[in-house]
Amino acid sequence: MALNLVKLCVGCTAIEDLVAWIDFRLDERRRAGLSAEQFHTTRMVPKRGEELLAGGSLYWVIKGNIQCRQVLTDIRTFTDNEGISRCHLVLDPRVIATEWQPRRAFQGWRYLTSDDVPPDEGQGRGRAKLPPELRNELASLGLL
């Protein structure tokens, strides 16, 4: 069973915001002549990297709910210009909507076992088909 990560998606109010940001960053990298890969930089390096790379994903918490995930493809450690060890979590740029699962705010990332992950959208109630504004309004009212 694959191990996963869960992280807050700061600055996004809907899955569409995350997708737009990823598209923007990939285009920015292409224009700069860099490889078009998407990654998230973090200070802490996951100690269970092999388990994560055996089919794991990064689950994103948006507006208090896990709403989507991206498959982890690599974990690369590096030292930044200030001598601080950091890590690139390399992700498949495709965002996969999931059933919503409530999560309280936390700092950094957390491990998430396969038993605790929400199912991908399409295996449940079909919320992703709702317009983002309606989805967020219904969620804020506690109806989703």
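Further up the page is the structure itself.
Now for a look at the structure at hand. None of the values given here were measured: they were computed from a predicted structure.

**Quick look at the overall build of the chain**
Within the chain, the regular secondary structure consists of 3 helices and 7 strands. Walking the chain from its N terminus toward its C terminus, one meets helices and strands in the order β-α-β-α-β-β-β-β-β-α. Going through the 144 residues of the chain one by one, you find that 40% of them count as buried. Nonlocal contacts in the chain, meaning residues at least 24 apart in sequence, comprise 66% of its contacts between residues at least 6 apart. With the model as given, the accessible surface of the chain reaches about 8400 Å², and the carbon-plus-sulfur share is 51%.

**With respect to the nonpolar core**
Within the largest apolar cluster, 20 residues are counted, with the highest numbers of intra-cluster contacts made by Leu5, Leu18, Trp60 and Cys68. Secondary structure elements with two or more residues in this core: strand E1 (3-8), helix H1 (15-31), strand E3 (57-62), strand E4 (65-79) and strand E5 (85-91). Looking at this core, the element that brings in the most residues is H1, giving 4 residues. Excluding anything up to four places from it in sequence, Trp60 contacts Lys7, Leu8, Cys9, Leu18, His40, Asn65, Ile66, Gln67, Cys68, Gln70 and Leu91. Core analysis: the next-biggest nonpolar cluster, separate from the first, contains 6 residues, Val6, Tyr59, Ile66 and Leu112 among them.

**Examining the packing of aromatic side chains**
The tally for this structure, following the rule as stated, stands at 1 aromatic pair. Measuring from centroid to centroid gives 5.2 Å for Trp109 and Tyr111, while their planes differ by 70°, and the two rings are edge-to-face. Sitting over the ring of Tyr111, Arg48 keeps its end group 5.2 Å from the ring centre.

**Things to note about the pattern of salt bridges**
Oppositely charged side chains can pair when the atoms bearing their charge come close. Tallying each qualifying case throughout the model produces 7 salt bridges. Arg76 is the salt-bridge partner of Asp74, the closest N and O atoms lying 3.1 Å from each other. Judged by its relative accessible area of 25%, Asp74 is partly exposed. The closest approach of N and O atoms between Asp80 and Arg86, which form a salt bridge, is 2.8 Å. Residue classification places Asp80 among the buried residues on the basis of a relative accessible area of 18%. The exposure class assigned to Arg86 is partly exposed, which follows from its relative accessible area of 22%.

**A short note on the pairing of E4**
Taken together, the 6 bridges between E3 and E4 define a ladder with antiparallel strand orientation. Bridge pairing links Leu58 to Gln70 in E4. If you look at the hairpin formed by E3 and E4, you'll find 2 residues sitting between the two strands, and Lys63 has a positive phi there, around 50°. Here E4 runs beside strand E6 (residues 96-102); their pairing, made up of 4 bridges, is antiparallel. Bridged to Cys68 within E6 is Ala97. Looking at chain direction, E4 and E5 are connected through 7 bridges and run antiparallel. Note that in E5 the partner of Asp74 across the bridge is Val90. Between E4 and E5, which pair antiparallel one after the other, the connecting turn spans 5 residues, and Gly83 there sits at a positive phi close to 80°.

**Considerations on the layout of surface pockets**
Any space left empty among the atoms is revealed by the rolling of a water-sized probe across them. Of the pockets and cavities examined, the largest pocket occupies roughly 250 Å³. Lining the largest pocket are 15 residues, and of these Trp21, Gln38, Phe39, His40 and Trp60 sit closest to its centre. For the lining of the largest pocket, the elements supplying multiple residues, two or more each, are H1 and strand E2 (38-42). Counting residues per element, the lining of the largest pocket draws most heavily on H1, which supplies 5 residues. Across the lining of the largest pocket, the residue classes tally to 9 nonpolar, 3 polar and 3 charged.

Rules of the game
- Residues numbered from 1 in each chain as written.
- Predicted model: local features only at pLDDT ≥ 70, side-chain atom pairs only at ≥ 80, totals over all residues.
- Heavy atoms only, no water.
- Helix = DSSP H or I, 4+ residues; strand = E, 2+ residues; numbered from the N terminus.
- Buried < 20%, exposed > 50% of the residue type's maximum accessible area, 1.4 Å probe, protein only.
- Contact = heavy atoms within 4.5 Å.
- Areas by Shrake-Rupley, 256 points an atom, 1.4 Å probe, with all protein chains shown as cover.
- Core = buried A, V, L, I, M, F, W, Y, C linked by side-chain atoms within 4.5 Å.
- Phe/Tyr/Trp six-rings, centres within 6.5 Å; stacked < 30°, edge-to-face > 60°.
- Lys NZ or Arg CZ within 6 Å of the ring centre and 35° of its normal.
- Salt bridge = Lys/Arg side-chain N within 4 Å of Asp/Glu carboxyl O.
- Pairing = 2+ DSSP bridges.
- 1 Å grid on protein atoms, 1.4 Å probe; cavity = no way out; pocket = protein on both sides within 12 Å on 5 of 7 lines; lining within 4 Å.
- Points joined across faces, edges and corners; volume = space filled by probe spheres on them.
- Nonpolar A, V, L, I, M, F, W, Y, C, P; charged D, E, K, R; others polar.

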